[in-house]
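Spelled out from the first residue to the last, the chains are:
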Amino acid sequence: MWPRVFGAPRVCTNAGRRRGQLAPDLGDPIHMSVRSDRQRAYLRALGIPLWRRQGPPGRSAPEFDTPAVPPTRQDTPALSADSAVCAAPVIAGSDWAELEAAVTDCRACALCEGRTRTVFGVGSREADWMIIGEAPGAEEDRQGKPFVGRAGQLLDKMLLALGLRRDQVFVANLLKCRPPGNRDPKPEEVLACQAYLARQIALVRPRILLSVGRVSAQHLLATDTPVGRLRGKVHRHPDSALPVVVTYHPAYLLRKPVEKRKAWDDLQLARDTLKNLNP
Ligand code: SF4
């Protein structure tokens, strides 16, 4: 049993319930789309209340938000493996070993000076899901892996609630080196590093991108729109045309557990989107 992160699940009320969506059943709270006892246990451990769905079972196929969020961010061009302005070495066409070696040796931006390790990314290289965060933090920099520590544990629990283990998805960040003091990445750093993520997407060939956190979402979708307005819909990644679902960063959810309900909605949206894609 996973430890409870934020104490006992909250009692569900009708407050804020939207018509046609999940309705509370206080007598026997359970979410009908969560199929196994194990998934229910993970959701309880996350502090997410379980609900009974009213009306016809199943979520209708989500509509893509097309056109995708218009690219308004001029200082951070969309990801492209062959971008002419990218300062990173040309890695278009590289295989995994070449790509990993290029990242390890990379000195294309100033972040190379302060890093302990590059953080390449982990998980299945044939995954349907690709989880994209922002940049390594202190612990990631020490271990060389993305999403470790408490935020990483919460991400793992969120994935487990969907029936996914960390090794069944591919997890990477926009940046492969830690910005000092965990500050936001600078546009020129994202620009320098973007070819690596673009190549990772091309090699994994995921079917859906889950963008976690504001920085990841705004750079991936080339927009300044706040994450609260990007979540809850399906976008198209400008370069790969893959569906993108945006959700909150686990570190934010640790600070603001009340938002975990929305994060769970986002994960279900991503799962249903994937389910409804053509094979
Ligand atoms: S952040 Fe990216 S571009 Fe900058 S040094 Fe690290 S790997 Fe290279």
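Overview of the structure. Every value quoted in this text rests on a predicted model; they were computed, and no experiment measured them.

Some thoughts on the sheet that holds strand β5 (residues 170–173)
Part 1 of the argument: What the six strands build is an open sheet, ordered β3-β5-β4-β6-β8-β7; its pairing is mixed. Looking at the sheet topology across the chains shown, the edges are occupied by β3 (122–123) and β7 (234–236).
Part 2 of the argument: Note: strand β6 (residues 208–212) against strand β8 (residues 243–247), four bridges, orientation parallel. Following the sheet pairing, Val 212 is matched in β8 by Thr 247.
Part 3 of the argument: The sheet strands contacting helix α9 (residues 260–276) are β6, β7 and β8, and the helix crosses β8 at an angle near 170°.

Remarks on the site of the ligand
Part 1 of the argument: Inspection of the region around the ligand gives 15 residues, with Cys 106, Cys 109, Lys 176, Cys 177 and Cys 193 positioned closest.
Part 2 of the argument: Element by element, the count of residues in the shell around the ligand is highest for helix α5 (residues 187–204), at three residues.
Part 3 of the argument: Residue composition of the shell around the ligand, by class: eleven nonpolar, one polar and three charged.

Focus: helix α4 (residues 149–161)
Part 1 of the argument: With 13 residues, α4 extends 19 Å between its outermost C-alpha atoms, agreeing within 8% with the 18 Å of an ideal straight helix rising 1.5 Å per residue.
Part 2 of the argument: Every buried residue of α4 is accounted for by Ala 151, Gly 152, Leu 154, Leu 155, Lys 157, Met 158, Leu 159 and Ala 161.

So, the pairing of strand β4 (residues 129–133)
Part 1 of the argument: Burial analysis of β4 places five of its five residues in the buried class, which makes it a mostly covered element.
Part 2 of the argument: What you see with β4 is no split at all: Trp 129, Ile 131 and Gly 133 on one side and Met 130 and Ile 132 on the other are buried throughout.
Part 3 of the argument: Strand direction decides the pairing type here: β4 and β6, joined by four bridges, are parallel. For Trp 129, the partnering residue across the bridge sits in β6 and is Ile 208.

Parameters and conventions
Residues numbered from 1 in each chain as written. Predicted model: local features only at pLDDT ≥ 70, side-chain atom pairs only at ≥ 80, totals over all residues. Pairing = 2+ DSSP bridges. Helix = DSSP H or I, 4+ residues; strand = E, 2+ residues; numbered from the N terminus. Contact = placed C-beta atoms within 7 Å. Axes fitted to C-alpha atoms, helices over the stretch in contact; angles between N-to-C directions. Near = placed C-beta within 6 Å. Nonpolar A, V, L, I, M, F, W, Y, C, P; charged D, E, K, R; others polar. Expected span 1.5 Å × (residues − 1). Buried ≥ 20, exposed ≤ 12 C-beta atoms within 10 Å, placed from the backbone.

Read these as layout, nothing more, since geometry by itself doesn't imply function.
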